[in-house]
Amino acid sequence: LMQAQVAKATKNGQVPLEEAAENKGKSSSQPTLMDLHHQVFQVVTDMLLEKVGHLGVSSGDLGNENKAVVDQMQKRLVQHEKRSADYVAADGSTRKQEGLVVTSGELFHYIQGNKELSKTFCQKLYECLFDPIRKRVENPPPDYNFKQLMQELEGASQHYSQQARGPEKWVVLQEMTKNFEKLKANFKKIKGYQEKVMQEQQKAQEADLLAKEKAREVQQLYDQQKDMQQAHQETMHKMEQQHREQMEKVQKEEAERRVAEEQKYRDLQNAQMEQYATMAREFQEKSSTQTQELMMRMQDQQADMNRQMMDLMQAIRDAPPPVVNVEKDSGWCSIM
């Protein structure tokens, strides 16, 4: 299911996906990798709960038995590890973001594949945008000047930011811009070349790329933590609903059984079979006691599920997203 969804979204491996939405609230025609994972995760969880929802009813351990089966299945889809990262917040203070990263499971396989696709895609895009500029720097036309160079670099940089896709776009940009270092000797041939301006732009660009990659890393930690909590909350909600339905079923079956047993007891009395009537009454009382004990255990589990859901909801509310300090572009955006 996931394979088919990814193939469709990436146009059979041609266009990488963003791992998660970078601009919250901004719609995109292309789903993120986490969007697809959520869809598959919910479908598979629903299918499994439908099959294992009855487990534990007879023992009153409904919540634990089917939860164990669901947990095992979900770990095949995704497993996380706790990680942390330091970052500079918008107010200038240094903070630590704790969260999760995906380390194994089927989702990890797709994350790795998407990273490779992102790297290849962005490298090709970079070469397409900057090769014409590189060629002009190596053999500048007579009327080519420094101002034109900076304008071309700014335009190429903006196009790259708009068209680059996937989690490796800023990493690729950092790596590829190092290739321009060897062209520094050619810059001096360009009319109006200003070395100080070029150096300042280069430093600003390096700082900007590092900040963007750090922002992506920190946001990923937060997103994975929140995604895991929300997925757990959704699963708990579905299990709680299923648990409640099973309780109602047990109550209904007990009521029907009591009616049938009462009728059986009256029939035996009318037939003057007191000994069997007494045995039937004792069996009925024993069954009623067992059912009441079962219902009490199920009610306790129901209350425990509700507490867990409330704790998860509170944890999600108490964790605002990190705001990493990323400097706005100051004008020209040099790629060197």
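The shown structure was predicted, so the numbers you read here are calculated from the model rather than taken from an experiment.

1. Observations concerning the overall build of the chain
Consideration 1: The secondary structure content of the chain amounts to 9 helices and 2 strands.
Consideration 2: Starting at the N terminus, the α and β elements of the chain follow one another as α-α-α-β-β-α-α-α-α-α-α.
Consideration 3: Across the 336 residues of the chain, 39% fall into the buried class.
Consideration 4: Contacts in the chain between residues far apart in sequence, at least 24 positions, make up 76% of those at least 6 positions apart.
Consideration 5: Carbon and sulfur atoms make up 49% of the accessible area of the chain, which amounts to about 19800 Å² in all.

2. A look at the pairing of strand β2 (residues 94-104)
Both faces of the sheet carry side chains from a regular strand, because those side chains alternate between them.
Consideration 1: Pairing between strand β1 (residues 79-88) and β2: 10 bridges, direction antiparallel. Within β2, the residue paired with K82 across the bridge is L100.
Consideration 2: The loop that links β1 with its antiparallel partner β2 comprises 5 residues; one of these, G92, has a positive phi angle of about 90°.

3. Looking at the confidence of the model for the chain
Residues shown with low pLDDT carry predicted positions that ought not to be read at fine detail.
Consideration 1: Of all residues in the chain, 77% attain a pLDDT of 70 or more, and the chain-wide mean is 77.
Consideration 2: Element-level pLDDT for the chain is lowest in helix α9 (residues 274-317), with a mean of 68, against a maximum mean of 92 in helix α4 (residues 106-138).
Consideration 3: Between residues 55-60, whose pLDDT stays under 50, and residues either more than four places distant or in other chains, the model counts 18 contacts.
Consideration 4: In this model, residues 328-336 is a region of pLDDT below 50 whose contacts with residues beyond four sequence positions or in other chains number 32 contacts.

4. Describing the nonpolar core
Consideration 1: By size, the foremost hydrophobic cluster in this structure holds 23 residues, and its most contacted members are F130, I133, L149 and Y160.
Consideration 2: When residues of this core are traced back to their parent elements, those giving at least two are α4, α5 (146-163), α6 (169-177) and α8 (195-270).
Consideration 3: The greatest single-element share of this core, amounting to 7 residues, is contributed by α4.
Consideration 4: Beyond its immediate stretch of four places on either side in the chain, I133 contacts Y144, L149, E152, L153 and A156.

5. With respect to a nonpolar patch on the surface
Consideration 1: Among the surface-exposed residues, L1, V43 and M47 lie close enough to one another that they form a single nonpolar patch of about 290 Å² accessible area.
Consideration 2: Looking at where M47 falls in the secondary structure, it is placed in helix α2 (residues 33-52).
Consideration 3: Under the relative-accessibility criterion, M47 is labelled partly exposed at 47%.

6. Points about the packing of aromatic side chains
Consideration 1: What the rule picks out here adds up to 2 aromatic pairs.
Consideration 2: Between the aromatic rings of Y126 and Y160, the centroid separation amounts to 6.4 Å while the plane-to-plane angle is 80°, which identifies the pairing as edge-to-face. Taken as a pair, Y126 in helix α4 and Y160 in helix α5 lie far apart in primary sequence, 34 residues in all.
Consideration 3: The lysine or arginine in question, K212, covers the ring of W170, its NZ or CZ lying 4.3 Å from the ring centre.

7. Describing α5
Consideration 1: Between its first and last C-alpha, α5 extends 26 Å over 18 residues, near the 26 Å set by a 1.5 Å rise per residue.
Consideration 2: Every buried residue belonging to α5 is among F146, L149, M150, L153, A156, S157 and Y160, and all of these are buried. Down the axis of α5, the buried set is contained in an arc of 130°. They therefore lie on one face. Projecting away from the buried face of α5 at angles above 90 degrees are the exposed residues K147 and Q162.
Consideration 3: Its side-chain oxygen 3.2 Å from the backbone nitrogen of K147, N145 forms the N-cap of α5.

8. Quick look at the pattern of salt bridges
Consideration 1: Under the definition given, this model contains 9 salt bridges.
Consideration 2: Of the charged contacts, one joins K96 and D86 as a salt bridge, the two residues approaching to 3.2 Å between their closest N and O atoms. Of this pair, K96 sits in strand β2 while D86 sits in strand β1, and the two are 10 residues apart along the sequence.
Consideration 3: A relative accessible area of 42% means that D86 is categorised as partly exposed.

Conventions adopted
Residues numbered from 1 in each chain as written. Predicted model: local features only at pLDDT ≥ 70, side-chain atom pairs only at ≥ 80, totals over all residues. Heavy atoms only, no water. Helix = DSSP H or I, 4+ residues; strand = E, 2+ residues; numbered from the N terminus. Buried < 20%, exposed > 50% of the residue type's maximum accessible area, 1.4 Å probe, protein only. Contact = heavy atoms within 4.5 Å. Areas by Shrake-Rupley, 256 points an atom, 1.4 Å probe, with all protein chains shown as cover. Pairing = 2+ DSSP bridges. pLDDT = per-residue confidence, 0-100. Core = buried A, V, L, I, M, F, W, Y, C linked by side-chain atoms within 4.5 Å. Patch = residues over 30% accessible without salt bridge, like charges linked within 9 Å, V, L, I, M, F, W, Y side chains within 5 Å. Salt bridge = Lys/Arg side-chain N within 4 Å of Asp/Glu carboxyl O. Phe/Tyr/Trp six-rings, centres within 6.5 Å; stacked < 30°, edge-to-face > 60°. Lys NZ or Arg CZ within 6 Å of the ring centre and 35° of its normal. Expected span 1.5 Å × (residues − 1). Arc of directions from axis to C-beta. Polar contact = N/O pair within 3.5 Å; in protein donor to acceptor, adjacent residues only side chain to side chain.

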